[in-house]
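# Report on the structure
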Number of protein chains: 2
Amino acid sequence: MSEHTTTDRSAEAKITDAQSAALALANLPESTRNDALHAVADAIEDNADAILDANNRDVEAAEELLEAGEYTRAFVDRLTLSASKLDGIAEMVRSVAGQDDPLGRTLAARELDDDLELYKVSVPIGVLGAVFESRPDALVQIAALSLKSGNAVVLKGGSEATHSNRLLHETIVEAAADAGGEVSDGWAQLIEAREDVRTLLERDDAVDLLMPRGSSSFVSYVQNNTSIPVLGHTEGVCHVYVDSEAELGMAEDVAYDAKVQYPAVCNAVETLLVHESVAQTFLPEIADRYREAGVELRGDERTREIIDAEVAIEDDWRTEYGDLILAITVVDSVADAIRHINANGSKHTESIITEDDDAAARFMRGIDAASVFHNASTRFADGYRFGLGAEVGISTGKTHARGPVGLEGLTTYKYHLEGDGQLVAAYAGENPRPFTHTEFDGAWTPGRLSDRDA
Amino acid sequence: MSEHTTTDRSAEAKITDAQSAALALANLPESTRNDALHAVADAIEDNADAILDANNRDVEAAEELLEAGEYTRAFVDRLTLSASKLDGIAEMVRSVAGQDDPLGRTLAARELDDDLELYKVSVPIGVLGAVFESRPDALVQIAALSLKSGNAVVLKGGSEATHSNRLLHETIVEAAADAGGEVSDGWAQLIEAREDVRTLLERDDAVDLLMPRGSSSFVSYVQNNTSIPVLGHTEGVCHVYVDSEAELGMAEDVAYDAKVQYPAVCNAVETLLVHESVAQTFLPEIADRYREAGVELRGDERTREIIDAEVAIEDDWRTEYGDLILAITVVDSVADAIRHINANGSKHTESIITEDDDAAARFMRGIDAASVFHNASTRFADGYRFGLGAEVGISTGKTHARGPVGLEGLTTYKYHLEGDGQLVAAYAGENPRPFTHTEFDGAWTPGRLSDRDA
């Protein structure tokens, strides 16, 4: 196999190619996109040995940098593929193929007048730009989600995964092209150089949505250096608030699960808020359980009057530890809890534990976050658990898509208007013809009006 | 009345105030928002004399600049208010009050497991930033749409309307505050200095959506100088394509309506494409009608072989004339029409005239634009005509909201999860509990689970 396709053309040219490919890709039937995804999954299995060899070259280089202290063990682990990881990747691609088609759905239909019908139809966004680090499986997952949703994609992986990414990219593109020959050339582009990221961020003429994955500072860098819409999140500073009317056994289990079940992820809790009326009872119990699990506790003054904890400083309230560390504050009311969370949270996921429905409603309405939970662990904030299918990402932005985002987040819509020659002149001026503006159930199909008349 | 409220605080402080106000505003009941809107409408009528006086100061200054050749007559006309214009503005505010509440709607409901229910609920976006020119009625319209949708708003009008804008802003804010006293102080902020626009564009920590209105170059400037999402459009280069299977009488009427009915607006046609097989018959007829209406025609070579027209140069295919000028090209196929439009259009509104449903479907699927029409005038692309109610704007961006945008475009959503203490630990690891993931009809209400159990 040649590596020329990925290395001998400029990032500018590749992005322009993706833009052309997107127009054709948008109109592929579902069966063609799914056939191509199955071919991609098969090809990953068939080329497993070569992919593992390429990955091994990356891993060997990374081990040297690990010894030199530049990489962490976790970083090298994420980079490392194995036969069973590759099987999992192939299965993931097949499961994306098996999801409902996000395209061509009629989201709304409205009669504007006799024989004048408006349809809002789901379509791909166009060209996605994905920048990710370390994990080569991210490349396959993003490419699969893009193909399923009819979007072209420009992929930029980390330099540490160069050999893995090149071979995976080549495998995917060749498999998709061979699967019936209908998938537009150029739908998935790999760019490699660090300076190509800058090019990508500048191409607002061609790239419709950016999906950065990586450290909080990296996502912030992307957000601050482009006018292209960004789907992503910089951090998850999530909270659990134990209300005065909480069932304390439940509160203990949820607060424990939210921190300990998987502390490294963005929907783990970072600050626990406890109503002063239950703090004396609740805090010693939960503190014991946390300590058994090795959680370091940092508390405000009122917390430290009740349990042993390090002093929480101002920064603690805004820190995503991503680790077995938890900040704790005692508050006087639901209103105080809401204020603290809106002032310090990252608009990701917040949970209240209470048997008082009014308090829960005040919390859920008052908190400005993508996900607000009542009597459930923050860890449920996830595309799979929410039933959205494959997760595209979690967004803490407030427009387009918010919270856990599924394939629907990679679509937009188009208005189709079917008429029989209507002119605006008839609906304007004196004695304008009125609109009927009636919603109806119906899907856009070609020649909808003529079919109906027949 | 004092003008201190608008002039003695920095734009930074005003934007931060809007951010605080937004949190409270988001939770106002519909009746409070509607009462405030009716109070605003009444106050505009009650203060009509003072508003017209203030406007007169702006108009007098503008007339001087008109004489000096710096302003156009149309610009001064847009700036000028009258008693009847003010009545129209008050009516517009009342009609916004009368629209369906865009907030608190349950957009989807899904059971994740027994007693674990997920609701997707519509909420305000937060803080809007609106920058507009000349028309003081824009200030009232944007403020009314913001209040209805529970968003705080930072308003920046043109310096030519300074006195009008100050008094309108003060009138609105006082009326809303007096209407029951529940509308949060600071929900509508007026900023005035040119350098304050720069401040607004930089406040991505506080402003969630920008709505620039004005010239194409101004909207481009905003898009290129902020990382805040932008709702708007730079230009409308719209097309009508007359297919080989067009009913030519219909084609003539639609092509005429799309250009002549109101040439200054963004949904008017700028380029007419005609299939070569009907060009010989169609072009002389439509050219006669256009000439009678004073439309200047610019054609490619094949057009000019059939009718008299100026030579169209490359720039003509990408120009929004906004005037009685039309470019015409003869094409060989639907595919050629699609290619021309995707290469030169502005993704706004495109129309095909044909009796061939397959050709129409290919066109509607193949064109990358917010609105694609079959046998209807491009002029229908409008929030009111689409039945969306008050129009927030037209977006040629591809994420969040596309095409004509109604109040829904000023909302986002939040996930509410109602549980009874569920932990992720139970759904992970070995023998994980399965999710049920079943959609159901139902609206989120406080204590939904406890109500149901009772």
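Everything numeric in this text was worked out from a predicted model, so none of it was measured. (Residues numbered from 1 in each chain as written. Chains lettered and ligands numbered in written order. Predicted model: local features only at pLDDT ≥ 70, side-chain atom pairs only at ≥ 80, totals over all residues. Heavy atoms only, no water.)

### Overview of the environment of B:Ser84
Mapping B:Ser84 onto the fold places it in helix H6 (residues 83-98). Taking the C-alpha atoms as reference points, B:Ser84 and B:Arg291, 207 residues apart in sequence, are found 35 Å from one another. (Helix = DSSP H or I, 4+ residues; strand = E, 2+ residues; numbered from the N terminus.)

### What about the relation of the copies chain A and chain B?
Mapping chain A onto chain B is achieved by rotating through 180° and translating by 0.0 Å along the same axis, at an RMSD of 0.0 Å. In the structure described here, the two chain copies are related by an operation that fits a two-fold rotation axis. Among all C-alpha atoms of chain A, that of A:His400 lies closest to the rotation axis, at 1.8 Å. Comparing interface residues between copies, 100% of those in chain A also sit at the interface in chain B, which points to an isologous, same-surface contact. (Least-squares fit on C-alpha atoms with pLDDT ≥ 70 in both. Contact = heavy atoms within 4.5 Å.)

### Brief notes about the packing of aromatic side chains
Within the structure shown, the criterion is met by 22 aromatic pairs over all chains. Each ring, one from A:Phe435 and one from B:Phe380, has its centre 6.4 Å from the other, and the planes form 85°; the classification is edge-to-face. Remark: B:Phe380 occurs in the loop between strand E13 (371-376) and strand E14 (393-395) and A:Phe435 occurs in the loop between strand E16 (411-422) and strand E17 (438-439); the pair is interchain, linking two chains. Grouping residues by exposure puts A:Phe435 and B:Phe380 together as buried. When the centroid spacing of 5.8 Å and the interplanar angle of 90° are considered together, the rings of B:Tyr119 and B:Phe440 count as edge-to-face. Of this pair, B:Tyr119 sits in strand E2 (residues 116-124) while B:Phe440 sits in the loop between strand E17 (438-439) and helix H16 (448-453); the two residues are 321 residues apart in sequence, bridging distant segments of the chain. Overall, the relative accessible area of 0% leaves B:Tyr119 in the buried class. Here the guanidinium or amino end of B:Lys120 rests over the ring plane of B:Tyr413, the centre of that ring lying 4.3 Å away. Between B:Arg289 and the ring centre of B:Tyr256, over which it is positioned, the NZ or CZ distance is 4.2 Å. (Phe/Tyr/Trp six-rings, centres within 6.5 Å; stacked < 30°, edge-to-face > 60°. Buried < 20%, exposed > 50% of the residue type's maximum accessible area, 1.4 Å probe, protein only. Lys NZ or Arg CZ within 6 Å of the ring centre and 35° of its normal.)

### What to know about the packing of helix H4 (residues 48-67) of chain A against helix H8 (residues 162-178) of chain A
When two helices pack together, their arrangement is given by the angle between the helix axes and the distance between those axes. All names here are of chain A. Axis separation between H4 and H8 bottoms out at 6 Å; the angle between their running directions is 155°. Taken together, H4 and H8 sit at an angle that is classed as roughly antiparallel. From H4, Ala-50, Ile-51, Ala-54, Asn-55, Arg-57 and Asp-58 reach across to H8, where they touch Thr-162, His-163, Ser-164, Leu-167, Leu-168 and Thr-171. When grouped by side-chain class, the residues that make up the contact of H4 with H8 number 5 nonpolar, 5 polar and 2 charged. (Axes fitted to C-alpha atoms, helices over the stretch in contact; angles between N-to-C directions. Parallel < 35°, antiparallel > 145°, perpendicular 65-115°, else oblique. Nonpolar A, V, L, I, M, F, W, Y, C, P; charged D, E, K, R; others polar.)

### Quick notes on the interface of chain A and chain B
Contacts between the two partners involve 76 residues from chain A, matched on the other side by 76 residues from chain B. Roughly 6,400 Å² is buried in total at the junction of chain A and chain B, and carbon and sulfur atoms are behind 57% of that figure. When the buried area of chain A at its contact with chain B is split by residue, A:Phe380, A:Tyr415 and A:Val424 rank highest and sum to 11% of it. Note that A:Asp208 is salt-bridged to B:Lys398, the shortest N-O span being 3.8 Å. Connecting chain A to chain B are 45 residue pairs in polar contact (both at pLDDT 80 or more). (Buried area = accessible area lost by both parts, 1.4 Å probe. Salt bridge = Lys/Arg side-chain N within 4 Å of Asp/Glu carboxyl O. Polar contact = N/O pair within 3.5 Å; in protein donor to acceptor, adjacent residues only side chain to side chain.)

### Observations regarding the nonpolar core
Judged by nonpolar contacts, the single largest core of 68 residues is most densely connected at B:Leu155, B:Trp187 and B:Phe380. Among the elements that take part in this core, helix H7 (residues 136-148) of chain B stands out by supplying 8 residues, more than any other. Counting contributing residues per domain, this core is built from domain 1 (4-224) and domain 2 (238-386) of chain B, each supplying no fewer than three. For B:Phe380, the contacting residues outside a window of four places in its chain are A:Leu116, A:Leu417, A:Gln422, A:Leu423, A:Val424, A:Tyr427, A:Phe435, B:Phe373, B:Arg385 and B:Phe386. (Core = buried A, V, L, I, M, F, W, Y, C linked by side-chain atoms within 4.5 Å. Domains from an automatic or database assignment.)

### Description of helix H15 (residues 357-366) of chain B
For H15(B), every residue scored as buried is listed here: B:Ala359, B:Ala360, B:Ala361, B:Phe363, B:Met364 and B:Gly366. Looking at the buried positions of H15(B), the neighbouring elements they touch are E16 of chain A together with strand E7 (238-242), helix H14 (334-344), strand E12 (349-353) and E13 of chain B. A side-chain oxygen of the first residue of H15(B) lies 2.9 Å from the backbone nitrogen of B:Asp358; this N-cap is B:Asp356.

### Digging into the pattern of salt bridges
Counting across every chain of the model gives 48 salt bridges over all chains. Measuring nitrogen to oxygen at the nearest pair gives 3.1 Å for the salt bridge that ties B:Asp368 to B:Arg402. In this pair, B:Asp368 is assigned in the loop between H15 and E13 and B:Arg402 in the loop between E14 and strand E15 (403-405), connecting sequence segments 34 residues apart. Connected via shared salt-bridge partners are A:Asp208, B:Lys347, B:Asp368, B:Lys398 and B:Arg402.

### Let's talk about the confidence of the model for chain A
Residues and elements named next belong to chain A. Scored by pLDDT, chain A comes out at a mean of 94, with 97% of its residues at no less than 70. Low pLDDT (under 50) marks residues 1-5, which in the prediction has 9 contacts with non-local residues, meaning those over four places away or in another chain. Of the two predicted TM-score estimates for the complex, the pTM is 0.92 and the ipTM is 0.92. (pLDDT = per-residue confidence, 0-100.)

### Some words on helix H10 (residues 216-224) of chain B
For an α-helix the count is 3.6 residues per turn, leaving residues at separations of three or four pointing the same way. What H10(B) keeps buried is the set B:Phe218, B:Val219 and B:Val222. Along the axis of H10(B), the buried residues cluster in a sector spanning 95°; they form a single face. (Arc of directions from axis to C-beta.)

### Digging into the sheet that holds strand E6 (residues 209-212) of chain B
Residue and element names in this part refer to chain B. An order of E5-E4-E3-E6 is seen for the 4 strands of this open sheet, with the pairing classed as parallel. Strands at the two margins of the open sheet, each flanked by one partner only, are strand E5 (188-191) and E6. Between one strand and the next, the sheet's axes are offset by a mean angle of 20°, whatever the strand orientation. With 4 bridges joining them, strand E3 (residues 127-131) and E6 adopt parallel strand pairing. The residue of E6 that forms the bridge with Val-131 is Pro-212. (Pairing = 2+ DSSP bridges.)

### Focus on the side chain of A:Lys398
Along the chain, A:Lys398 turns up in the loop between strand E14 (393-395) and strand E15 (403-405). A:Lys398 gets classed as buried once you look at its relative accessible area, which sits at 9%. A distance of 3.0 Å separates the side chain of A:Lys398 from the side chain of A:Asp368, its partner in a polar contact. Residues contacting A:Lys398, with those up to four places away along its chain left out, are A:Lys347, A:Asp368, B:Ile125, B:Gly126, B:Asp208 and B:Thr412.

### Some words on the domain arrangement of chain A
Annotation of chain A at the domain level lists domain 1 (4-102 + 124-224) and domain 2 (238-390). Distance between the C-alpha centres of domain 1 of chain A and domain 2 of chain A: 36 Å.

### Regarding the sheet that holds strand E4 (residues 152-156) of chain A
All names here are of chain A. Spatially, 4 strands are ordered E5-E4-E3-E6 in an open sheet, and the strand pairing comes out parallel. Of all strands in the sheet, those bounded by a partner on one side alone are strand E5 (188-191) and strand E6 (209-212). In this sheet, neighbouring strand axes are inclined to one another by 20° on average, regardless of whether the strands run parallel or antiparallel. Note: E4 against E5, 4 bridges, orientation parallel. Bridging from a neighbouring strand, Leu-155 pairs with Leu-190 of E5. On the sheet, helix H7 (residues 136-148) packs against strand E3 (127-131), E4, E5 and E6 and is oriented at approximately 170° with respect to E4.

### Some words on the side chain of A:Thr303
Residue and element names in this part refer to chain A. Mapped onto the elements of the fold, Thr-303 is located in helix H13 (residues 301-304). Classification of Thr-303 as buried rests on a relative accessible area of 0%. Not counting chain neighbours up to four residues away, the residues in contact with Thr-303 comprise Leu-283, Ile-328, Thr-329 and Val-330.

### Observations concerning the pairing of E7(B)
All names here are of chain B. Among the 5 residues in E7, 5 count as buried, and that is most of the element. Side-chain alternation along E7 places Cys-238, Val-240 and Val-242 on one buried face and His-239 and Tyr-241 on a second face that is also buried. A crossover connection joins E7 to the parallel strand E8 (residues 269-275) through helix H11 (residues 248-260); in handedness this β-α-β unit is right-handed. With 4 bridges connecting them, E7 and E12 associate as parallel partners. Bridge assignment links His-239 to a residue of E12, and that residue is Glu-350. (Right-handed = clockwise from strand over helix to strand, strands pointing away.)

### Comments concerning a negative patch on the surface
Taken together, the side chains of A:Asp114, A:Asp420, B:Glu245, B:Glu247 and B:Glu355 define an acidic patch exposed on the protein surface. A relative accessible area of 40% means that B:Glu247 is categorised as partly exposed. (Patch = residues over 30% accessible without salt bridge, like charges linked within 9 Å, V, L, I, M, F, W, Y side chains within 5 Å. Areas by Shrake-Rupley, 256 points an atom, 1.4 Å probe, with all protein chains shown as cover. Lys, Arg positive; Asp, Glu negative; His and termini not counted. Charge placed at Lys NZ, Arg CZ, Asp CG, Glu CD.)

### Things to note about the pairing of E2(B)
All names here are of chain B. Burial within E2 is extensive, with 9 of its 9 residues counted as buried. Sheet analysis places strand E1 (residues 106-113) next to E2, joined by 6 bridges and oriented antiparallel. Paired with Ala-108 across the strands is Lys-120, a residue of E2. Connecting E1 to the next strand, E2, in antiparallel fashion are 2 residues, including Asp-115 with a positive phi near 55°. Relative to strand E16 (residues 411-422), E2 runs antiparallel, the two being bridged by 8 bridges. By the bridge assignment for E16, Tyr-119 is matched with His-416.

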